[in-house]
Amino acid sequence: MNRNHMNMQMDNSDDDAYSQASSTSSIDHLDEPTTSIDPLLSSIDDLETRIVSALNEFKQHPGSKTPSSNHPDIHSELKAILRPVLEIAAHTGPVTARSKWRQAFRSSLDVALEEIHHRLNEELVFPILLESVQSELIPSKRAAALGFFHNLHSEYKLPGSYLDYEFLENVQGAKYSGSLYGLQDKSTVASRAILKQRLAQKEKRCALLLRYWVEGSTACTIPGAFTDVSADGAIASRAVISSSAVIRPALRHVSEKIKGADDAGALRLFIPVMRMIGGVLKRLFAVSGANFGGEDGGKSVDAIKSACVKFLEIVVLSFSSRSQPGTGGRRRQNVSSEDFALEDLPMGHPVITRQALEEIGEDAFTVLRGLAMIGGQVKVDAGVISDVRTSLGLNASGQGSTPSLQIIGILRPAALSYLEIESTLGQQVSDENPFPTIDRSEVETDFNLNQKSYALTINAVSMLATNRPTFFGDSASSLARRTIDPPTVENSALSKAATMAISSHLRASCLTLLRNALSVTSGSSDVLLNALSSEKCGMKIQADKALRMAKQAASLKTAGRAARNRAAVFYEWEGGAANEMETAGSKRKRAGQDKLEQMRAAKAARGLGNGIQLPKSMADACELILLNLGNLSSSRTAASIGDKKKSKSMSEQKRRKPFTLDFFVDAIITNGASLSSDENRWYGRDGGDAWVMDISALISDDEIDDGDERMGVKSESKKKTPVPVTFALDTKTANAAIAAKNGESSDDVKLYQEQCEAAAVEAFGRILDRSRLVRDPSIADFGNQIAARMAWSLKNLKPHNELKSASDTAIEGATSIAKKVADINVKNTCLDSLPSFANEFPLVASCIQFDLETKARKSDGVEIESIISKPSSSLTQRILNEAFLGVAAEEDGSVDKNDRFEKTLELYISSVIQACEKANEKPMDNHRKKLASTAASSLSKDLGLLPTVTESSLELASLLCNIDEISKKAVEASRKTSNQNLATAAATNAAKAASEKRAKAILLALRDAAFQRSKSKVRQYAVKCAVGLASGRLPASQSVEEMALKLVMNVLYPKASDLAAQVVIAATSELERAATYAIENNRKIREANEEVMAKKPDQQPNPSLPLSDVEKIALEHVKKPANLFMALCIRRPEIIKDLMTYSCKEGADVLVKAVRNNMPKLARAASKKYGSAKIALQVADLADTSETALLLSFLDNLAPATGTPPGQDLIDACIKVQEARLVDGQKDPRFIIPVVSGMKRTEVETRLPELVGAEDNVFRAALHRMSERLKRQAFSFREQAGDEPLIGMTLCEQLVYLHKLDFAAAKLRQKRYLQSISLCLENDEVYTDRVIMAALDHMSGKFLSGESLPLGYMRTVIMTCTKHESLHSWICNVLLPRLIEGQVYNEGRQWEGWMRCARMLEAGDGGVSSMEAIKQLPEEQYQTYRNKYPKK
């Protein structure tokens, strides 16, 4: 059957549910498995076990070399312990993915590789080893864990591993090189999209490994990791070496990210790399002897110095250019793939720039030159450090805005300390003394170099000169000067032998540089020649020869081809032997790899782990039976079944079954179980024991006589028969059968009936066993059919042996799941009668459980996969088909066939759920894990193959989506991870991953049921179940609920119109249920809220947050169905009416709160899809008067406080809504508040009286929306400039226009006019003293130009004097004199207010007095003032 593969969008955006169905977010390929056993999962479990075992051994290692170890040191021993982990993480994982991947389970090999890498490397290996690097208390183990990342990065590049993949182009199309995806996949031409996706996966894996590597290196460079000085130094030196190895691969990856325009991805790795570099540099400049317990620092300090010098060299190489300045890059250099320079860094990143990195490289090179010239680090003054950090914009601790500046802040003080000495030395250069020496007695150092670190410094400077031509001149100059003034025993801490070695090293380095052609082109040859020709060196002859060679090489660079060809004769590269050796080595390597592959293939062919196979030869089988005869019991056990009255006598008398070959074979095959069988059982050996065989005709007379004499029987009693062999039915059995048929009752009849039932059950068991072992799938399927029919026919028969345990497990699961369903109150699902149904048909229950366990056992080995074929239908499917056909039900007429099928399906699903829950209870039990995996896989397959499914069965299967318990257990295990429970934590996380996969499989099954079922009822059930999961009605974890929401919105709804209608109906039902829940719990919520408010009466509650725990629980309950329905409102705006209707029911307050909280997403998405004006008018037409609150909330969110101001179309729409929804013939100003921030200021001024006349809270909201986009202009009154209109009102403008309001013309009372101003002044957090001063200043300025003062002006000034003491000085010295200048005394009410204000400030209690302003009054007005307010 061909299945359509659908895509479920799984991105993490907050607005996923509101996006269009055609959105191009990241998707998961959803495909249904076609087989029930996934070989890859079993392999992953096995690999996880091996990794956990190796990591446990590593964790439990004492950290010192064990006496029995064959390794030379502890580091080699620990590396060998981690070698299996390295092999699995780098090689075995990809090999397993390529060999175990099946198309039926995963859409591509890429998915298999990603799953293995995620489960083994990302979730297990990387976190545990990083934790060891960061917190391990034993230095050797910490170093081994850190070295693992370095080794893994190298192994990743080997053939077949995760980084063995490169993109190629040819005329046929896009291809790739490498063996990661196997040779077969490599031979095909893939699409460019697939190849780019694979490249993205490669970069992701590389970045992840590099980030762990960098984080581990950074953690080990922190000083004080160990209290022991030597241990701390040892791990620090290894960390610096590791940092040196990771810096260039990390920078190359950063460059690739920038090249791909992934600036954020580049920063994710660049910032940790810079942090690592900073840690190493801090370690370098902190290696003084005082910090490490001695003047010389000891071996640990020497190791850190040497490693840090090498690290500085790599930093300079990475942060500098390869080309020489001025060359123009005419020829492309042969660059190693391991190298990195600034040319490799693409331009365009806002933070990672070449200029910033070049500054780091230059400062690091200066530090290196200083180390070579001084023999140590010049003492850095604390003031220099402070000045440098200040100039770079760093804080006192050296932290700043960009990572590169922080590195410069570490390097530059050390570089400047040396440059100060170098500049002083440069001033002393003259013709007589071209190489002045340094007075080292005056130079203080933070630390000195030993012989090894000094030699590494000289090598670094020399190497940088040859590999980075831009540094050649400075390198040659510093080395030449140091050669003239070499270290001595007196002026250094080196021994005599060390000084001689360093001097010789310096001379050799200068000679090497002089021989280089760059010495001529850079003009450094004179300095080097003079240094080597000096009396101290005495190497004039060697220097002259080296200079000639350099000049010849330099001339060849600009010479013609003929000259270069002639010179090539003398410089022929002799590489033939080397090439032959390399070829031989490559052959040996390939041969070794071939041998390894052959060994692995042979191991797989032997079938290791599949158990011992029985001999195929009959002679060998007989010999095996004869050898095992000695293992049988020496005595025969008495029977335990039969007539209880005769059991004692039977045990005492001799048993009459003869010792035949069949007897012994049965005993061997049954492992002795047949020895205790009851001889009264007639059905033994398939019923053969009920027959008696007479062979007396074949026995001669002599044999009869001899035998009779021995047995005490007379020969006359024997009668010979004419037939050689005769068979006769046992008389006792025959009589019991006749009596049972006649309805008689006796002990023999009862025994016979019991044996008949036992015979039927055992025959049933033999059929099942035979169907499992037969190789022909058609015979196996026929056996399943017979077993299924018998299971329904044999009612109330209890199974035996293995089937009994399977039946008990199934009944236990049915009882447990029925109780769980009753506790969580799942609608449409009642399993109270399920346990009784399982007891009524125990063989059915045992078949279902037995089938699950058989599949789990089959997944353990290769035999079932390769040798024994599978039947077309499983036993469980046959059982369900029989129940659906209702053949057995029609025969007895006891149960309705539809009810029987439903109960059987519920029993099957409950068995699967029980298996999954038991696996979660004990995550380390491999059998439970495999049983859960195969059971869930079978369920998802069977749900698609069954003739029908019921609503209760789908809801029951959705219980697999509730993985909260295992998620909490995984978090708890990760939090308590230690050496002892490491395996437990890994197993718990693996169980969590498996549970998530099972939950996703159920969602896929719901999708397929909705898409592929022909019955509309079944499709409706699937949609209702998916909606129930998305809305929280059915229990599920949060992550599964999000996936269910995306399934409903992005897969089911867009598929077909009938599915969309079913989704809307189901979502409406969920919303109605939420409203009912809110109404029923409204009283309880209100009482809880009142209790909380009584305890905190001064607290101002947030309207969007719950007050009490009761309201919080209710809000969580109704939030999910509300969010789902609001998501559907984007697709169908007309159902917003239903949203408002149910939400605005009386008592549904908590639902209203949930809708309000999610209203911004609804409004934003609706306006984006339909246009804000159109959707505003449509929603307004849908809303009734009782739903005005939600309508206002919707309009308010259509015009958010940030972003683009509301357009004119939305403003017109809100005005239209206001005009259409009059309240008692009056306009409601609340409808225009959302858009006042986008109105022209003139229009806002016109509507200001309407807003002033509203209630206080409405008025405050309007003022807030006016100025929300003008916060930066709050203190100014804007003037019109050009034709561009002014939008909104600043706070200053609000006060001005409120004062100028003509309340009489607006039919407002004067009291309301003054009250509106007071409301603003009381809100001193918004209308601050600066805002008030700006408004008063503007109005007083207009007063001077001829306008009259507003009525409430002086009242506001007086209130300001009372409220804002900070404005007293401005009022006394500026405002009051200005009002006098404008002749305020000519306006009666304003003059009265002026005098009152002046009187309030005249006393000067706050140090400011209005006396100067009063003195400026004209004489007449002054007398008037004094008459009213005499001097005190």
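Bear in mind that the values here come from a model prediction, so they are computed numbers and not experimental data. (Residues numbered from 1 in each chain as written. Predicted model: local features only at pLDDT ≥ 70, side-chain atom pairs only at ≥ 80, totals over all residues. Heavy atoms only, no water.)

## Describing the overall build of the protein chain
Inference 1: If you tally the helices and strands in the protein chain, you get 58 helices and 8 strands.
Inference 2: A burial count over the protein chain gives 48% of its 1432 residues as buried.
Inference 3: When contacts within the protein chain are restricted to residue pairs at least 6 apart in sequence, long-range pairs at least 24 apart make up 72% of them.
Inference 4: For the protein chain, the accessible area works out to roughly 70400 Å², and carbon and sulfur atoms hold 52% of it. (Helix = DSSP H or I, 4+ residues; strand = E, 2+ residues; numbered from the N terminus. Buried < 20%, exposed > 50% of the residue type's maximum accessible area, 1.4 Å probe, protein only. Contact = heavy atoms within 4.5 Å. Areas by Shrake-Rupley, 256 points an atom, 1.4 Å probe, with all protein chains shown as cover.)

## Examining the packing of aromatic side chains
Inference 1: One pass over the full model with this rule turns up 15 aromatic pairs.
Inference 2: For the pair Phe126 and Tyr212, a centre-to-centre distance of 5.2 Å together with 45° between the ring planes defines the contact as tilted. One end of the pair, Phe126, is in helix H3 (residues 109–135); the other, Tyr212, is in helix H6 (residues 192–220), with 86 residues separating them in the sequence.
Inference 3: The class of Phe126 is buried, set by a relative accessible area of 0%.
Inference 4: Residue classification places Tyr212 among the buried positions, given a relative accessible area of 18%.
Inference 5: Aromatic pair Phe365 and Phe471: ring centres 4.2 Å apart, planes at 20°, arrangement stacked. With Phe365 in helix H10 (residues 354–374) and Phe471 in the loop between helix H13 (451–467) and helix H14 (472–484), this residue pair connects regions lying 106 residues apart in the sequence.
Inference 6: Aromatic ring contacts, followed pair by pair, group Phe126, Phe148, Phe149 and Tyr212 into a single cluster.
Inference 7: Cation over ring: Lys1055 sits above Phe1011, and NZ or CZ is 5.2 Å from the ring centre.
Inference 8: Lying across the ring of Phe1259, Arg1312 places its NZ or CZ 6.0 Å from the centre. (Phe/Tyr/Trp six-rings, centres within 6.5 Å; stacked < 30°, edge-to-face > 60°. Lys NZ or Arg CZ within 6 Å of the ring centre and 35° of its normal.)

## So, the side chain of Ser237
Inference 1: Examined against the element boundaries, Ser237 turns out to sit in helix H7 (residues 229–259).
Inference 2: Residue Ser237 is classed as buried on the basis of its relative accessible area, which comes to 9%.
Inference 3: Apart from residues lying up to four places away in sequence, Ser237 is in contact with Ala303, Ile304 and Ala307.

## Some remarks on the pattern of salt bridges
Inference 1: In the structure shown here, the tally under the stated rule is 59 salt bridges.
Inference 2: Close ionic contact of Glu1402 with Arg1399 constitutes a salt bridge, the shortest N to O distance being 3.1 Å. One end of the pair is Glu1402 and the other is Arg1399, both in helix H56 (residues 1388–1402) and 3 residues apart, which spans about a single turn.
Inference 3: One salt-bridge network, held together by shared partners, links Arg248, Arg322, Asp339, Asp344 and Arg468. (Salt bridge = Lys/Arg side-chain N within 4 Å of Asp/Glu carboxyl O.)

## Concerning the side chain of Asn1089
Inference 1: Looking at the secondary structure, you find Asn1089 in helix H42 (residues 1082–1095).
Inference 2: Look at Asn1089 and you get buried, because its relative accessible area is 12%.
Inference 3: A polar atom in the side chain of Asn1089 sits 3.1 Å from the side chain of Glu1111. (Polar contact = N/O pair within 3.5 Å; in protein donor to acceptor, adjacent residues only side chain to side chain.)

## Some words on the confidence of the model for the protein chain
Inference 1: Of all residues in the protein chain, 78% attain a pLDDT of 70 or more, and the chain-wide mean is 79.
Inference 2: Confidence, read as mean pLDDT per element, is least for helix H31 (residues 863–866) in the protein chain (36) and greatest for helix H51 (residues 1291–1299) (93).
Inference 3: The low-confidence segment residues 1–36 (pLDDT under 50) makes 90 contacts with residues lying over four places distant or belonging to another chain.
Inference 4: Of the regions scoring below 50 in pLDDT, residues 703–721 engages in 15 contacts with residues more than four places distant in sequence or in other chains. (pLDDT = per-residue confidence, 0-100.)

## Regarding the packing of H3 against helix H4 (residues 139–156)
Inference 1: With their axes 7 Å apart at the nearest point, H3 and H4 run at an angle of 145° to one another. In this structure, H3 meets H4 at a crossing whose hand is left-handed. Within the contact between the two elements, H3 uses His117, Asn121, Val125, Phe126, Leu129, Leu130, Ser132, Val133, Gln134 and Ser135 and H4 uses Arg142, Ala145, Leu146, Phe148, Phe149, Leu152 and Tyr156.
Inference 2: Residues of the contact of H3 with H4, tallied by class, amount to 11 nonpolar, 5 polar and 1 charged. (Axes fitted to C-alpha atoms, helices over the stretch in contact; angles between N-to-C directions. Left-handed = near helix turned anticlockwise from the far one by under 90°. Nonpolar A, V, L, I, M, F, W, Y, C, P; charged D, E, K, R; others polar.)

## So, unusual backbone geometry
Inference 1: For Ala261, which is not glycine, the phi torsion reads 65° and is therefore positive.
Inference 2: Within the secondary structure layout, Ala261 lies in the loop between H7 and helix H8 (263–284).
Inference 3: Of note, the phi angle at Gln1383 is positive, near 60°, even though the residue is not glycine.
Inference 4: With respect to the secondary-structure elements, Gln1383 resides in the loop between helix H55 (1368–1381) and H56.

## Description of the packing of helix H39 (residues 1016–1031) against helix H41 (residues 1057–1080)
Inference 1: For the pair H39 and H41, the least separation of the axes is 9 Å and the interaxial angle reads 45°. Judged by the inter-axis angle, H39 sits oblique to H41. In terms of crossing hand, the pair formed by H39 and H41 is right-handed. Contacts between H39 and H41 involve Arg1019, Gln1020, Val1023, Lys1024, Val1027, Gly1028 and Ser1031 from the former and Asp1058, Leu1059, Gln1062, Val1063, Ala1066, Ala1067 and Glu1070 from the latter.
Inference 2: Classifying every residue of the contact of H39 with H41 gives 6 nonpolar, 4 polar and 4 charged. (Parallel < 35°, antiparallel > 145°, perpendicular 65-115°, else oblique.)

## Side note on the environment of Pro923
Inference 1: With respect to the helices and strands, Pro923 occurs in the loop between helix H34 (897–921) and helix H35 (926–945).
Inference 2: Overall, the relative accessible area of 9% leaves Pro923 in the buried class.

## Regarding the nonpolar core
Inference 1: Among the nonpolar cores identified, the biggest contains 215 residues, and Leu1151, Ile1371 and Trp1394 are the most heavily contacted of them.
Inference 2: Here this core gets 11 residues from one element, more than from any other, and that element is helix H43 (residues 1109–1131).
Inference 3: In this structure, Leu1151 is in contact with Leu1071, Ala1074, Ala1075, Ala1078, Val1118, Ala1122, Tyr1142 and Ser1143, ignoring residues within four places of it in sequence.
Inference 4: The next biggest cluster of nonpolar side chains, apart from the first, holds 142 residues, and it includes Ala112, Ile116, Leu368 and Cys510. (Core = buried A, V, L, I, M, F, W, Y, C linked by side-chain atoms within 4.5 Å.)

## Quick look at helix H2 (residues 74–100)
Inference 1: Taking 1.5 Å per residue, 27 residues should reach 39 Å; H2 reaches 37 Å between its end C-alpha atoms and fits that length.
Inference 2: Maximal helix bending in H2 amounts to about 45°, located at Ile88. (Expected span 1.5 Å × (residues − 1). Bend = angle between axes of the 7 residues up to and from the residue.)

## A short note on the environment of Ala1061
Inference 1: Mapping Ala1061 onto the fold places it in helix H41.
Inference 2: The spatial distance from the C-alpha of Ala1061 to the C-alpha of Gln1020 is 9.8 Å, given a sequence separation of 41 residues.

## Remarks on helix H26 (residues 747–773)
Inference 1: If you check H26, its first and last C-alpha atoms are 38 Å apart, about what 27 residues at 1.5 Å a residue would give, namely 39 Å.
Inference 2: For H26, the side-chain oxygen to backbone nitrogen distance between the N-cap and Val749 is 3.3 Å, and the N-cap itself is Ser746.

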